[in-house]
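The chain contents come next:
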Amino acid sequence: MVGVNQKDIRVGMVGYKFMGKAHSNAYQNAPFFFDLPVKPVKQAICGRNAEGVKEAADKMGWKSYETDWRTLINREDIDLIDIVTPNNNHAEIAIAAAEAGKHVYCEKPLALTIEESAQMLEAVQKNNVIHMVNFNYRFAPAIQFAKKLISEGKIGRIYHMRALYLQDWIMDPDFPLVWRLEKSISGSGAHGDLAAHSIDLARFLVGEIDEVSGMMKTFIKKRPAVADSSGLSGKASATEFRDVEVDDASIFIASFQNGAAGTFEATRFAGGNRNSNQFEINGEKGSIKWNAESMNELEVYFADDDPSLQGFKKINVTEEVHPYGGVYWPSAHIIGYEHTFHNLIAELMKGIEQGVSLSPTFYDGHAAQAILTAVEKSARSRRWEKVDTYL
Ligand code: SOE
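First, a word on what this report is: a plain description of the structure on this page. Source: prediction; values computed, not measured.

Let's shift gears to the packing of aromatic side chains. A complete count under the given rule lists 15 aromatic pairs for this structure. Geometrically, the ring pair formed by Phe33 and Trp329 is edge-to-face, given 5.3 Å between the ring centres and 90 degrees between the ring planes. Placement of the pair is Phe33 in helix H1 (residues 18-33) and Trp329 in the loop between strand E16 (313-316) and helix H9 (337-354), with a sequence separation of 296 residues. Aromatic ring contacts, followed pair by pair, group Phe32, Phe33, Phe34, Tyr324, Tyr328 and Trp329 into a single cluster.

Next up, the structure:
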């Protein structure tokens, strides 16, 4: 295994668009805020377009660039491969990186299929490299605080998780078929892109899911092909129209191993909701609510509060006593989306230094894939389906 006990972890990142920017920013800033045991160094960035990747390297402060990811992973001066490419490239790059003895950090959803995620997990385990999947919302302070409250038994036995991940960016029927809507590249639509996050939060906060019953909908069946893409969006072709093969919305009910009941809705057709990743958890002693659009607030209700004070209260989770309190700013000087990535990178660096893969690992990515797969199966069979990791 390379990189362990080194001071610098030299990162090679494949891809450089939206997530590339978020990860680059985290490599840049995590060492500023955290006392990291080992530090990420932006060693090399990789993309097929020489001009584009060079420009990205200059802008985001990478030391060098490559146009072939195989060259990147074979470089001796790289310890960690970070995969921020579209989903269809995750497996091949991650497996090759693990076989080359590099640690691997990969965007979500981990893979296109459960078979692929199983192979990825096997490769990182067999080659004894550190692995992590980018379920970044776990690292919002409110989520870490929710985890602490649940672990301490503050809300008791959990009865319900109600998760919604609502967006609206593709509601215009003329919005083009960008890669996130292209089945061969993304695997699925709102399902893998959004429900995957809710599923990870469910596994993190409530526990393992046993069985699911799901439904998936595609509201707009044909869209213009993409003439030129940039970020999440793109320019629509005026002449070419293609079939949409991914879901616009994915909805399922779930039964947890611990007896809790879950309802999940992920959609890109919830007008007015830009990035509303939210949930409510109800337990015997209290409830918790969160919405990523107000990510520094956790709403809590405790059944044993004085009867005259019963009800939800909103806690701003930026006090010293809260997770990550003191890492950034004084109380109530709020943090944002990008800090979830800083926090995750700090965890990844800690794991590399300790020589252990800290959660969310490729196992977590694979377990989420198993739930995504069971929901897809259920949407086809119109029956309840068991969640199976096939391990
Ligand atoms: C687009 O739907 C997207 O950027 C996802 O790909 C991210 O994972 C999610 O956090 C926000 O929305």
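Evaluation of the coordinates by the stated rule reveals zero disulfides. With no disulfide of its own, Cys46 lies closest to Cys106 among cysteine sulfurs, the gap being 14 Å. A residue is classified by how much of its surface remains accessible, and Cys46, at 3% relative accessible area, is buried. On the basis of relative accessibility, which here comes to 0%, the residue Cys106 falls in the buried class.

On to the site of the ligand, then. Surveying the vicinity of the ligand reveals the residues Phe18, Lys108, Tyr137, Tyr165, Gln167, Trp169, Arg180, Asp193, Leu194, His197, Leu232 and Asn275. With respect to the ligand, the side chain of Arg180 contributes an N or O atom lying 3.3 Å from an oxygen atom. Side-chain polar atom of His197 to an oxygen atom of the ligand: 2.8 Å apart, as the coordinates give it. In the complex, the protein chains occlude 95% of the 300 Å² of accessible area that the ligand would expose alone. Among the elements that make up the shell around the ligand, the one with the highest residue count is helix H8 (residues 190-205) (three residues). When residues of the shell around the ligand are assigned to domains, at least three fall in each of domain 1 (8-137) and domain 2 (141-294 + 296-335 + 369-381).

Looking now at unusual backbone geometry. Residue Pro109 is reached from Lys108 by a cis peptide bond, and omega for that bond is -15 degrees. Structurally, Pro109 can be placed in the loop between strand E5 (103-106) and helix H5 (114-126). Note the cis peptide between Ser359 and Pro360, where omega equals 0 degrees. Within the secondary structure, Pro360 sits in the loop between H9 and helix H10 (362-381). Backbone geometry places Tyr324, a non-glycine residue, at a positive phi of 70 degrees.

This part is about the sheet that holds strand E4 (residues 80-83). Spatially, the six strands line up as an open sheet ordered E3-E2-E1-E4-E5-E6, and their pairing is parallel. Both edges of this open sheet fall to strand E3 (64-66) and strand E6 (131-133), since each of them pairs with a single strand only. Taken over all neighbouring pairs, the strand axes of this sheet differ in orientation by 25 degrees on average, direction set aside. In this structure, strand E1 (residues 8-14) lies alongside strand E2 (residues 39-46), joined through seven bridges in parallel fashion.

Conventions we followed
Residues numbered from 1 in each chain as written. Predicted model: local features only at pLDDT ≥ 70, side-chain atom pairs only at ≥ 80, totals over all residues. Heavy atoms only, no water. Phe/Tyr/Trp six-rings, centres within 6.5 Å; stacked < 30°, edge-to-face > 60°. Helix = DSSP H or I, 4+ residues; strand = E, 2+ residues; numbered from the N terminus. Disulfide = S-S within 2.5 Å. Buried < 20%, exposed > 50% of the residue type's maximum accessible area, 1.4 Å probe, protein only. Near = heavy atom within 4 Å. Polar contact = N/O pair within 3.5 Å; in protein donor to acceptor, adjacent residues only side chain to side chain. Areas by Shrake-Rupley, 256 points an atom, 1.4 Å probe, with all protein chains shown as cover. Domains from an automatic or database assignment. Pairing = 2+ DSSP bridges. Axes fitted to C-alpha atoms, helices over the stretch in contact; angles between N-to-C directions.

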